[in-house]
Amino acid sequence: MITGHIDHHGTYMPFLAEDVWQRVLQWLKEEGSTKADGEYELDERNVYVVISTIETRPRTEGSFEAHRDYLDIHYCFSGGERIEWVPVQTLTKPQAEFNEKKDVQKFDAPDEATSILMTPGTFTVLLPEDAHMPKLQDDVNPAIKKAVVKIHMNLVK
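Residues numbered from 1 in each chain as written. Predicted model: local features only at pLDDT ≥ 70, side-chain atom pairs only at ≥ 80, totals over all residues. Heavy atoms only, no water.

Visitor: In this structure, what is going on with helix 1 (residues 19-30)? I would like to understand it.
Guide: Taking 1.5 Å per residue, 12 residues should reach 16 Å; helix 1 reaches 17 Å between its end C-alpha atoms and fits that length. Along helix 1, the residues that are buried comprise Val20, Trp21, Val24, Leu25, Trp27 and Leu28. One face of helix 1 carries all of its buried residues, which in axial projection span an arc of 160 degrees. The outward face of helix 1, more than 90 degrees from its buried face, is lined by the exposed residues Asp19 and Glu30. Where helix 1 is buried, its residues contact strand 2 (38-43), strand 3 (47-55), strand 5 (70-79), strand 9 (122-126) and strand 11 (143-152). (Helix = DSSP H or I, 4+ residues; strand = E, 2+ residues; numbered from the N terminus. Expected span 1.5 Å × (residues − 1). Buried < 20%, exposed > 50% of the residue type's maximum accessible area, 1.4 Å probe, protein only. Arc of directions from axis to C-beta. Contact = heavy atoms within 4.5 Å.)

This is how it looks when you write it as structure tokens:
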């Protein structure tokens, strides 16, 4: 997991060396905020973005998720949320089998997790090893407008 602010994304470039990172972060900074809610393909199904405006929810209504084929970049345009994070191998209570079509497996939340505060301009990169529970209330903002960028792992290995 990597968390940072879009204005300082260059700081992370030694870790995010592939071209795809620069293209995605530039698209988020220059075009993303002008887009309506929906799905946008940046490189067919290799890189796509889901933009949504949602009401955040209490932790008791969330579940952890993990992916295998895609990594996520969560990016906050406005409002805010909390995302909880744990290493996927620490989760022992799957809610269902892995859904290959949607590239997701849901898990019950553990008692403790690391909390990431998402505010306008912040991003969090979550790899397949990073289980996460997004869309949580931050006790300040009732909603968030965000992007979730999905990058196929074959582009970053």
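Visitor: Any chance you could explain unusual backbone geometry here in plain terms?
Guide: Only a minority of non-glycine residues have a phi that is not negative, and only a minority of peptide bonds are not trans. Positive phi, close to 70 degrees, is recorded for Lys135, a residue that is not glycine. For Lys135, the position within the fold is in strand 10 (residues 130-136). Take Lys135: its relative accessible area is 33%, and that puts it in the partly exposed class. Residue Asp139 is not a glycine yet carries a positive backbone phi of 70 degrees. Considering the arrangement of structural elements, one finds Asp139 in the loop between strand 10 and strand 11. The exposure class of Asp139 is exposed, given its relative accessible area of 75%.

Visitor: Explain the sheet that holds strand 2 here, please?
Guide: Pairing between the strands of a sheet comes from backbone hydrogen bonds, and it takes one of two forms, parallel or antiparallel. Here six strands make up an open sheet; going across it, the order is 1-9-5-11-3-2 and the pairing antiparallel. Where the open sheet ends on each side, the last strands, each with one partner, are strand 1 (2-5) and strand 2. Recorded for the sheet is a direction-independent mean angle of 20 degrees between the axes of neighbouring strands. Here strand 2 runs beside strand 3; their pairing, made up of five bridges, is antiparallel. Considered in strand 3, the bridge of Asp43 is made with Val47. (Pairing = 2+ DSSP bridges. Axes fitted to C-alpha atoms, helices over the stretch in contact; angles between N-to-C directions.)

Visitor: Just checking my understanding: could you explain the pattern of salt bridges for this structure?
Guide: Oppositely charged side chains can pair when the atoms bearing their charge come close. Applying the stated criterion across every chain yields a total of eight salt bridges. Residue Glu65 is joined to Lys106 by a salt bridge in which the shortest nitrogen-to-oxygen separation is 3.4 Å. Of the two residues, Glu65 is situated in strand 4 (residues 64-66) and Lys106 in strand 7 (residues 105-107); the sequence distance between them amounts to 41 residues. Since its relative accessible area comes to 13%, Glu65 is described here as buried. Salt bridges sharing partners connect three or more residues here, namely Glu39, Glu41 and Arg45. (Salt bridge = Lys/Arg side-chain N within 4 Å of Asp/Glu carboxyl O.)

Visitor: I keep staring at the pairing of strand 5 and nothing clicks. Help me out?
Guide: Consecutive side chains along a regular strand alternate between the two faces of the sheet. Of all 10 residues in strand 5, eight are buried; the element is thus mostly enclosed. Bridging between strand 5 and strand 11 involves nine bridges; their strand directions are antiparallel. From the neighbouring strand, Gly79 faces strand 11, where its bridge partner is Ile144. Two elements, strand 5 and strand 9, share four bridges in a ladder whose sense is antiparallel. Within the sheet, the bridge partner assigned to Asp72 lies in strand 9 and is Leu126.

Coordinates in, geometry out; function isn't part of it.
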